[in-house]
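Below are the chains, spelled out letter by letter.
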Amino acid sequence: DLAPEARKVYAERGEYQWAYTRGRGSASAIGTFALAWALPASKHYGDERLRQGVIRGIEAFLDSQLPSGEFAFCSIRYSSVYQTHEMAWRLEPLLAAYLCVRHTLPPEQARRFHDGLERAADYLYTEVCDSQSNRGCIWCGVMAVAARVFDRPDYLERVQETDRKSGVWGKRGERGG
């Protein structure tokens, strides 16, 4: 396994750039499709093909999950190369998708999705992104959402602790110190 610095060297090579955008773009599409399926105002509301695509998309991410909880996209490209906010960018729409479809899943599949996504959030919990930029804000925001999804007050406590220590949100609530 490569250290983060070595991963970054490989990930910045042109032939590996697809993994960066594919993972983030795919997660975003899965979340968007889930909302299109779930919202009555959408012309795609209730479309079973869309729901099945969302389920397959979540499964694809969980199938590429490392034991740490991190999502991997190829053998040398992990979501933590550019700090853990990259993992947060992927987890956020997957959480939205899960919330949209979980009530339609068989119990064992719902449990697998819950456990896999919570393991992803646990990874973020242990790998704090406290940058005074959008990176820290994204990490904090996604962890706050995960606290609600999984009923984990410890996630929210970590967000508050991170902000107290590093001033992620700034003095008046704006991004960065």
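Here, the structure is the one placed above.
Everything numeric here is computed off the predicted structure, so don't read it as measured data. (Residues numbered from 1 in each chain as written. Predicted model: local features only at pLDDT ≥ 70, side-chain atom pairs only at ≥ 80, totals over all residues. Heavy atoms only, no water.)

K.L.:
Lay out the state of the cysteines in plain terms, naming residues and giving numbers.
P.N.:
Evaluated as defined, the whole model comprises zero disulfides. As a non-bridged cysteine, C137 has C140 as the owner of its nearest cysteine sulfur, 6.7 Å distant. (Disulfide = S-S within 2.5 Å.)

K.L.:
How would you summarise the packing of aromatic side chains if you had to cite specific residues and measurements?
P.N.:
This model, assessed by the stated rule, comprises two aromatic pairs. When the centroid spacing of 5.3 Å and the interplanar angle of 80° are considered together, the rings of F61 and F71 count as edge-to-face. Of this pair, F61 sits in helix α3 (residues 48-63) while F71 sits in the loop between α3 and β1 (72-74), placing them 10 residues apart in sequence. By the burial criterion, F61 is buried, and F71 matches it. Here Y125 and Y155 contribute two aromatic rings whose centre-to-centre distance is 5.7 Å and whose plane-to-plane angle is 40°, an arrangement assigned as tilted. Separated by 30 residues along the polypeptide, Y125 in helix α5 (residues 107-126) and Y155 in helix α7 (residues 153-166) bring together distant segments of the chain. Residue Y155 is classed as buried on the basis of its relative accessible area, which comes to 0%. (Phe/Tyr/Trp six-rings, centres within 6.5 Å; stacked < 30°, edge-to-face > 60°. Helix = DSSP H or I, 4+ residues; strand = E, 2+ residues; numbered from the N terminus. Buried < 20%, exposed > 50% of the residue type's maximum accessible area, 1.4 Å probe, protein only.)

K.L.:
How would you summarise the pattern of salt bridges if you had to cite specific residues and measurements?
P.N.:
A complete count under the given rule lists eight salt bridges for this structure. Notably, a salt bridge pairs R152 with D154, separated by 2.7 Å at the nearest N-O pair. With relative accessibility at 19%, the residue R152 sits in the buried group. By relative accessible area, which is 22% here, D154 ends up partly exposed. (Salt bridge = Lys/Arg side-chain N within 4 Å of Asp/Glu carboxyl O.)

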